Amino acid sequence: PVLLQQSVRLAALERQVFDFLGYQWAPILANFLHIIIVILGLFGTIQYRPRYIVVYAIWTAVWVTWNIFIICFYLEVGGLSKDSELLTFNISQHQSWWSENGPGCIRKEAPMAGIKGLDSHSYISVIGCALEYRYIEVMHSSVQILVALVGFVYACYVVSVFTEEEDSFDFIGGFDPFPLYHVNEKPTNLLCKQTYLPA
């Protein structure tokens with residue numbers, strides 16, 4: 001159980017690193033929130049706090065939705081464009097880190113003709129990529145969806161186990177459904193008889 005949540009956290013950290021390298025601010029914020037809620041879910045599992053695990057389970061639905069949006073963004077579904085600045089909040093013109101550093105990619109930089117000065121930008125051409133960067137981003141999001149679904153099933157299981165334990169708990173006899181002692185609520189004749197001591 002804890003191993004699963006550790007792997008979820010590692011997958012989120014790996015995604016966070018590559019989004020930081022590409023200055024993708026919207027995914028950075030989403031990943032940061034995801035890491036916090038995964039830690040909250042881990043804390044809830046260790047400390048037997050079902051409410052924290054329920055928060056994690058609800059968040060997994062939001063996380064799946066976010067990753068579906070990322071897949072649609074990079075596959076340009078529904079009018080979305082992978083070249084837009086939507087993921088950088090229109091602050092910069094950066095793209096995914098994988099667009100220039102993917103497997104097999106060769107990055108060539110050439111100064112733009114006719115523009116001189118410190119503010120001039122170089123034209124960057126990328127050739128020879130074994131896999132287009134948008135497919136790498138889609139695979140990243142697909143893995144996140146798969147891990148989130150496994151985490152959701154696990155969270156539902158843990159919450160059901162915790163609630164069953166709470167329902168079966170007897171505050172006098174502990175978890176034992178058949179305590180060793182029974183309290184008889186009806187008074188017996190022995191209790192009602194007066195006892196006399198010989199003088």
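Quantities reported herein were computed from a predicted structural model and do not represent experimental measurements.

Asker: Outline the side chain of Q144, listing residues and values.
Answerer: The residue Q144 is located in helix α5 (residues 133-168) in this model. For Q144, a relative accessible area of 3% puts it in the buried group. Within the structure, Q144 has its side chain in polar contact with the backbone oxygen of A11 (distance 3.2 Å). Leaving out residues up to four positions away in the same chain, Q144 has contacts with A11, A12, R15, H34, W63 and N67.

Asker: Give a detailed account of unusual backbone geometry, specifying residues and quantitative values.
Answerer: Even without a glycine there, the phi angle at Y48 is positive, about 55°. Positive phi, normally seen in glycine, also occurs at E76, with a value near 55°. Counting through the fold element by element, E76 comes out in the loop between α3 (50-74) and α4 (98-101). By relative accessible area, which is 34% here, E76 ends up partly exposed.

Asker: So what's going on with the UniProt feature "transmembrane region" (unreviewed entry) in the protein? Residues and values would help.
Answerer: Feature annotation in UniProt places "transmembrane region" (unreviewed entry) on residues 25-46, 53-77 and 143-162, given in this structure's numbering. Helix makes up 100% of residues 25-46 and strand makes up 0%, while its end C-alpha atoms are separated by 32 Å. Regarding residues 53-77, the helix share stands at 88% and the strand share at 0%, and the terminal C-alpha atoms are separated by 33 Å.

Thresholds applied
- Residues numbered from 1 in each chain as written.
- Predicted model: local features only at pLDDT ≥ 70, side-chain atom pairs only at ≥ 80, totals over all residues.
- Heavy atoms only, no water.
- Helix = DSSP H or I, 4+ residues; strand = E, 2+ residues; numbered from the N terminus.
- Buried < 20%, exposed > 50% of the residue type's maximum accessible area, 1.4 Å probe, protein only.
- Polar contact = N/O pair within 3.5 Å; in protein donor to acceptor, adjacent residues only side chain to side chain.
- Contact = heavy atoms within 4.5 Å.
- UniProt positions renumbered as here; feature names shortened; annotations may be inferred.

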